Amino acid sequence: DLQLPGMLNATIKACPVFTGKLASFDDTEVRKMPGVRAVVAVEDNAVAVVADTWWQAKTALDALPVTWDRGENVQVSSDSISAMLDEGLDAEEAFIGNEAGDPTSALAAAATTVEAVYGYPYQNHAPMEPMNATALWTPERCEVWCPTQNGEAALEATAEAAGLPASRCDVYKIHLGGGFGRRGAFHDFVKQAVAIAKQMPGTPVKLLWTREEDMQHGHYHPITKAKLTGGLDSDGDLTALHMRLSGQSILASVNPNWMQNGVDMFVFQGLMPDGDHAISYSIPNLLVDHAMRNPPVPPGFWRGVNVNQNAVYMECFMDELAHAAGADPLDFRRKLMADHPKSLAVLNAVAEKAGWGTPAPEGVHRGLAVCKAFASHVAACAEVSVSKTGKLRIHRIVAATDPGYAVNPQQIEAQVEGSFVFGLSALLYGECTIREGGVEQTNFSNYPTMLIDEMPEVEVIIMPSGGFWGGIGEPTIAVAAPAVLNAIFAATGKRIRRIPLKHSDLTPV
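The structure presented is a predicted model; accordingly, all values stated were derived computationally and were not measured.

Trainee: Lay out the overall build of the protein with the relevant residues and their values.
Mentor: On a plain count of helices and strands, the protein comes out with 12 helices and 20 strands. In terms of overall dimensions, the protein is globule-like: its C-alpha atoms have a radius of gyration of 25 Å, near the 23 Å expected for 509 residues. Projecting the C-alpha coordinates of the protein onto the three principal axes gives extents of approximately 80 × 50 × 50 Å. Of the roughly 20,400 Å² that the protein leaves accessible, carbon and sulfur atoms contribute 52%.

Structure, rendered in structure tokens:
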């Protein structure tokens, strides 16, 4: 909504293939179109049109003949990426994130062995406000107005693109229409706005991406797969677990300096031996490792980051192990959580409030999930029904969180509810697929979010135990999906190991 005196409007189109380049464009006819002021190359991979109004700029850009140098990544597809990850599931070398005992020997000696492979796709942040920034450049100074989650990073991007010291640049943070991590570490849109304004000195230029540009040039929730192998003894107790993660490292792409001897420990969120992202179970023989496989699709921090897929992998597999042991999923978890009293407390709280162990309404089935992330202990119990034709209805989710301290309980409730909108949308629909080196999805027509009538009732239990400060909006997102998936199994007898659910036939067996 920002308006400045004399401001022009721009929109941009980057090469549809990741790491592809701009080869050429012919602006002979486009420059004659109404309102068009300039057609400019941006960096080495994009072209932008500047006009009096944004719609004039978009109309002209749509008509602009462009030739792309698509490069070698044009061969990359969802199938080739899937094959890369499959190879990692059985690779000999992997980075270790958590290890205890002798899982190899314990698995070999187990009375019962359970194995499953899960997968989690690329997902876009898809905020309602597409990427945008307004820039005013002169040889002496550069000013930028932008919605950002990280003003310092926006300033760094401004100075770099402007070719000026940071002391001669100003960034004005304005209200943003959704970020979820997209507007945190990544300010490509700021660099583009400055690059365009630099070619029109003294004139403020507002760059606004189309929804299609926003969908196809993001920094996506990383794609991963997991192969889990668990061993049960003759009493049905879990004696060993090996979880092999295969997939992308965000830090390897975004900030390699944060890695530890080549290891991205952030990959192991919710699975670490201790700390803010510790595993919620004590398993005598445990190995959690990561075969790093980095396709050319840029990964990014997406609300909840790696705990999203890790909670699905761990919590759904815990249900599989409980089923193989002939045990109640709550009782099975409790046996493994004696040394994790805070996590056990939130799990017990949701089970009690949801009525676990008592009859649910006719046709309604329940599922559980628990995890620790961003220092907070969170749990959920979902209630769902599935019709004879496979139509899913999520009726209710009871959620408990122990963030240490609760300063504003109403805000905590809002964060939990909002995170479930995000997490359940991802579970139901969220998937970016790759074809010829680029994202296939273009808009909300083929990357939908959940609708109001799909949203379950959410009951939030806030139970601060003190002594630490934990997060709210990111850890809670992770337990919604596995709780629903476990409830779906209770309702249908089907294990869904691939997200999103839009691919799955939920007709009860």
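Trainee: Tell me about the pattern of salt bridges, residues and numbers included.
Mentor: Under the counting rule described, the total for this entry stands at 26 salt bridges. The salt bridge involving Arg-183 is made with Glu-129; its shortest N-O contact spans 3.5 Å. You can see Arg-183 sitting in the loop between β10 (169–174) and α5 (188–198) and its partner Glu-129 sitting in the loop between β7 (112–120) and β8 (132–137), a full 54 residues away along the chain. The buried category is assigned to Arg-183, whose relative accessible area is 0%. In this structure, Arg-333 engages Asp-319 in a salt bridge whose closest nitrogen and oxygen atoms are separated by 2.8 Å.

Trainee: Please provide a residue-by-residue account of the environment of Ala-111, values included.
Mentor: Structurally, the position occupied by Ala-111 is in the loop between α3 (103–109) and β7. Placed 24 residues apart in sequence, Ala-111 and Glu-87 show a C-alpha to C-alpha distance of 28 Å. Other than its neighbours up to four places away in sequence, Ala-111 contacts Leu-232, Asp-233 and Ser-234.

Trainee: How would you sum up the sheet that holds strand β14 (residues 285–292)? Please name residues and give values.
Mentor: One open sheet holds the 5 strands; their spatial order is β6-β14-β13-β12-β7, and the pairing between them is mixed. One side of each edge strand has no neighbouring strand; the edge strands of this open sheet are β6 (95–100) and β7. The sheet shows a mean angle of 10° between the axes of neighbouring strands, direction not considered. As defined by bridge partners, β6 adjoins β14 across 5 bridges and the pair is classed as antiparallel. Counterpart to Phe-95 in the pairing with β14 is His-290. Against the sheet, helix α8 (residues 307–325) contacts β7, β12 (224–232) and β13 (238–247), and its axis sits at roughly 150° relative to β7.

Trainee: I'd like a description of α8, backed by residues and values.
Mentor: When the terminal C-alpha atoms of α8 are compared, their 26 Å separation across 19 residues agrees well with the 27 Å that a helix rising 1.5 Å per residue should span. Most of α8 sits out of view: 16 of its 19 residues are buried.

Trainee: Please set out a nonpolar patch on the surface residue by residue, giving values where relevant.
Mentor: Side chains of Tyr-405, Val-407 and Trp-469 sit close together on the surface and give an oily, nonpolar patch of about 390 Å² of accessible area. Along the chain, the position of Val-407 falls in the loop between β17 (392–402) and α11 (409–428).

Trainee: Summarise the side chain of Asn-132; cite the residues concerned and give the values.
Mentor: Structurally, Asn-132 is set in strand β8. A distance of 3.0 Å separates polar atoms of two side chains, one belonging to Asn-132 and the other to Glu-129. From its side chain, Asn-132 meets the backbone oxygen of Pro-130 in a polar contact 3.0 Å long.

Trainee: Requested: an account of the packing of aromatic side chains, with residues and values cited.
Mentor: Per the stated rule, a full pass over the model turns up 8 aromatic pairs. A ring pair is formed by Tyr-122 and Tyr-220, whose centres lie 6.5 Å apart and whose planes are at 70°; its orientation type is edge-to-face. Of this pair, Tyr-122 sits in the loop between β7 and β8 while Tyr-220 sits in the loop between α6 (211–216) and β12, placing them 98 residues apart in sequence. Look at Tyr-122 and you get buried, because its relative accessible area is 2%. The exposure class of Tyr-220 is buried, given its relative accessible area of 0%. For the pair Trp-145 and Tyr-172, a centre-to-centre distance of 5.1 Å together with 25° between the ring planes defines the contact as stacked. Here the residue Trp-145 occupies a position in strand β9 (residues 142–147), and Tyr-172 occupies one in strand β10, the gap between them amounting to 27 residues. Trp-145 gets classed as buried once you look at its relative accessible area, which sits at 13%. Among the aromatic side chains, those forming a connected cluster through ring pairs are Phe-18, Tyr-122 and Tyr-220. Geometry around Phe-422 places Arg-303 over its ring, the cationic atom sitting 5.9 Å from the centre.

Trainee: Could you give an account of the side chain of Ser-249, with specific residues and numbers?
Mentor: Position of Ser-249 relative to the elements: it lies in the loop between β13 and α7 (250–254). Polar contacts involving the side chain of Ser-249 include one to the side chain of Asp-264, which spans 2.8 Å. Beyond its immediate sequence surroundings of up to four residues, Ser-249 is in contact with Met-259, Asp-264, Val-267, His-290, Met-292, Asn-294 and Pro-299.

Trainee: I'd like a description of helix α4 (residues 151–162), backed by residues and values.
Mentor: The end-to-end C-alpha separation of α4 is 16 Å, in line with the 16 Å expected for 12 residues at 1.5 Å each. Looking only at α4, the buried set comprises Gly-151, Ala-153, Ala-154, Ala-157, Thr-158, Ala-159 and Ala-162. As for α4, its buried residues are in contact with β8, β9, β10 and α5. Residue Asn-150 occupies the N-cap position of α4, its side-chain oxygen lying 3.3 Å from the main-chain nitrogen of Glu-152.

Trainee: Give a detailed account of the packing of α4 against α5, specifying residues and quantitative values.
Mentor: Packing of α4 against α5 leaves a shortest axis separation of 8 Å and a crossing angle of 35°. As for how α4 packs across α5, the hand of that crossing is right-handed. Side by side, α4 and α5 meet where Ala-154, Ala-157, Thr-158, Glu-160, Ala-161 and Ala-162 of the first sit next to Val-190, Lys-191, Val-194 and Lys-198 of the second. Class assignment for the residues of the contact of α4 with α5 results in 6 nonpolar, 1 polar and 3 charged.

Trainee: Can you explain the pairing of strand β16 (residues 376–386)? Please cite residues and give values.
Mentor: Summarising burial for β16: 11 of the 11 residues are buried, a large majority. Here β16 shows no split at all, with Ser-376, Val-378, Ala-380, Ala-382, Val-384 and Val-386 on one side and His-377, Ala-379, Cys-381, Glu-383 and Ser-385 on the other all buried. Sheet topology places strand β15 (residues 365–373) next to β16; 9 bridges connect them, and they run antiparallel. Bridge pairing in β16 places Leu-368 opposite Cys-381. As paired strands, β16 and β17 are joined by 10 bridges and run antiparallel to one another. The partner of Glu-383 across the bridge, within β17, is Arg-396.

Procedures and definitions
- Residues numbered from 1 in each chain as written.
- Predicted model: local features only at pLDDT ≥ 70, side-chain atom pairs only at ≥ 80, totals over all residues.
- Heavy atoms only, no water.
- Helix = DSSP H or I, 4+ residues; strand = E, 2+ residues; numbered from the N terminus.
- Rg over C-alpha atoms; globule rule 2.2 N^0.38 Å.
- Areas by Shrake-Rupley, 256 points an atom, 1.4 Å probe, with all protein chains shown as cover.
- Salt bridge = Lys/Arg side-chain N within 4 Å of Asp/Glu carboxyl O.
- Buried < 20%, exposed > 50% of the residue type's maximum accessible area, 1.4 Å probe, protein only.
- Contact = heavy atoms within 4.5 Å.
- Pairing = 2+ DSSP bridges.
- Axes fitted to C-alpha atoms, helices over the stretch in contact; angles between N-to-C directions.
- Expected span 1.5 Å × (residues − 1).
- Patch = residues over 30% accessible without salt bridge, like charges linked within 9 Å, V, L, I, M, F, W, Y side chains within 5 Å.
- Polar contact = N/O pair within 3.5 Å; in protein donor to acceptor, adjacent residues only side chain to side chain.
- Phe/Tyr/Trp six-rings, centres within 6.5 Å; stacked < 30°, edge-to-face > 60°.
- Lys NZ or Arg CZ within 6 Å of the ring centre and 35° of its normal.
- Left-handed = near helix turned anticlockwise from the far one by under 90°.
- Nonpolar A, V, L, I, M, F, W, Y, C, P; charged D, E, K, R; others polar.

Everything listed here is a matter of geometry and, on its own, says nothing about what the molecule does.
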